[in-house]
Amino acid sequence: LADRLQNTIQKIRGKGKVSEQDVKEMMREVRLALLEADVNFKVVKDFVKRVNERAVGQEVMKSLTPGQQVIKVVKEELTALMGGEQSKIAVSSRPPTVIMMVGLQGAGKTTTTGKLANLLRKKHNRKPLLVAADIYRPAAIKQLETLGKQLSMPVFSLGDQVSPVEIAKQAIQKAKDEHHDYVLIDTAGRLHVDENLMDELKQVKEISNPDEIFLVVDAMTGQDAVNVAQSFNEQLGLTGVVLTKLDGDTRGGAALSVKAVTNTPIKYIGMGEKLDAIEPFHPERMASRILGMGDVLTLIEKAQSNVDEEKAKELEQKLRTMNFTFDDFLEQLGQVRNMGPLDEILGMIPGANKMKGLKNVQVDEKQIGHVEAVIQSMTKAEKDNPDLINASRKKRIAKGSGRPIQEVNRLLKQFEEMKKMMKQMTSMQKGKGKKGGFK
Ligand code: GDP
Ligand code: MG
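Residues numbered from 1 in each chain as written. Chains lettered and ligands numbered in written order. Predicted model: local features only at pLDDT ≥ 70, side-chain atom pairs only at ≥ 80, totals over all residues. Heavy atoms only, no water.

(A) A look at the packing of helix H8 (residues 164–177) against helix H9 (residues 195–208). Contact geometry of H8 with H9 gives a least axis separation of 9 Å together with a crossing angle of 20°. As judged from the angle between their axes, H8 and H9 are roughly parallel. Taken as a pair, H8 and H9 cross one another with a handedness that is right-handed. Counting all contacts with H8, which are made through Pro164, Val165, Ala168, Lys169 and Ile172, the residues of H9 involved are Glu200, Gln203, Val204, Ile207 and Ser208. (Axes fitted to C-alpha atoms, helices over the stretch in contact; angles between N-to-C directions. Helix = DSSP H or I, 4+ residues; strand = E, 2+ residues; numbered from the N terminus. Parallel < 35°, antiparallel > 145°, perpendicular 65-115°, else oblique. Left-handed = near helix turned anticlockwise from the far one by under 90°. Contact = heavy atoms within 4.5 Å.)

Here it is as structure tokens:
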């Protein structure tokens, strides 16, 4: 599913002209991709409508790079959909501030309780009291106590024979007595939303009068997360959502729908099992993640500020007429370089994150230098017409550039292949006719 949207984006990115039909077809793909990424269908519908309005309007049509502009609109609207940055935690004017953690079993409530306590102490210099109010799940109390030990923080528990309501009540009293400014109540979850669970949570809410009720949802449950959020919100009135397990390979489409359906902000995201694996939620980053395109916007901006528009047009013309030479190639390399350090750029290219792991980005920078050297050792005639380059010329070029002859060969071959590819691309574009579809 990631591929699908990526393909669409690839296709539209380079578009010189975008027609209403183009936008429609792209939005159809975006729509499918979002649905596949587990975004709620109602949300998708509204979203597509909004993007359509903007994309078909002046904003996009008039821009020099309409294809990129459409992507930009998509991303902006995704970001808007998820709301602003919402990492603030309530502070009660009459301490302690009470935070109730709710959610289904296995969502990450207990872990997140520990993470939040850690964050509150580290970042906000607070003194939280952890409360073990899950008396049902075997070893749930023990789990929180272990976390407390790891954090050197007190955990309040009364075992599993006292009701969660009573536990909450006594915990808050204790917090007052011992001057804890935050009380984090780790409640029980079920495998599914059920009435008993909700009743109990409502009672705990009543007695503890929480300043925040955070729903913890597992991002990997996708669309289900939205339904869960909706029921919890209806029953309890949530103040925030924590989306966990985003360190997995989930796309996070749930993030979009959760906010849009429940109108409850996502405040934090969980990025791992460790106690510091919690981050404030950044809608923009999530939008990138959902689009699976790295920080494309930044890349686009960089490219726009560095690539001379006139030159880009000229280049496009050359590509169309197939007069693309090694000189043009060289110039392109130069422009890529102007954008900044290669590793930085690579990090922004979708899919390149994987390459980053190899830590060989410096090599690439060097390689560009080598390629430049080889090209610069060609004569003007050779650059314009690489077919001229026979064995003895290759030898001369290799010598002149200080690069092995294999490298000269490789470059020539790559150049040929690139031309072939461009030829295919341009003929494909022509084949699409006036309608300008994407297929
Ligand atoms: P609870 O039943 O809602 O209290 O869930 P737990 O806190 O016990 O978490 C269930 C499992 O999910 C545990 O194995 C946690 O380590 C794991 N978990 C929680 N949050 C995250 C997260 O952000 N990333 C990952 N990878 N695992 C998490
Ligand atoms: Mg738990």
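(B) A look at the pattern of salt bridges. Scanning all chains against the criterion turns up 14 salt bridges. Residue Arg54 pairs with Glu76 through a salt bridge whose shortest N-O separation is 2.6 Å. One end of the pair, Arg54, is in helix H3 (residues 41–56); the other, Glu76, is in helix H5 (residues 66–81), and 22 residues separate them in sequence. When the shortest N-O distance is used, the salt bridge between Asp327 and Lys380 registers 3.8 Å. You can see Asp327 sitting in helix H15 (residues 326–338) and its partner Lys380 sitting in helix H19 (residues 380–384), a full 53 residues away along the chain. Ionic contacts of the salt-bridge type, sharing partners, join the residues Arg50, Arg54, Glu76 and Glu77 into one network. (Salt bridge = Lys/Arg side-chain N within 4 Å of Asp/Glu carboxyl O.)

(C) Inspection of the pairing of strand E7 (residues 266–270) at higher detail. Counted residue by residue, E7 has five buried out of five residues, so it is predominantly covered. Looking at chain direction, strand E6 (residues 240–244) and E7 are connected through three bridges and run parallel. Within the sheet, the bridge partner assigned to Val241 lies in E7 and is Ile266. Strand direction decides the pairing type here: E7 and strand E8 (residues 278–280), joined by three bridges, are antiparallel. (Buried < 20%, exposed > 50% of the residue type's maximum accessible area, 1.4 Å probe, protein only. Pairing = 2+ DSSP bridges.)

Shape is all these values report; function is a separate question.
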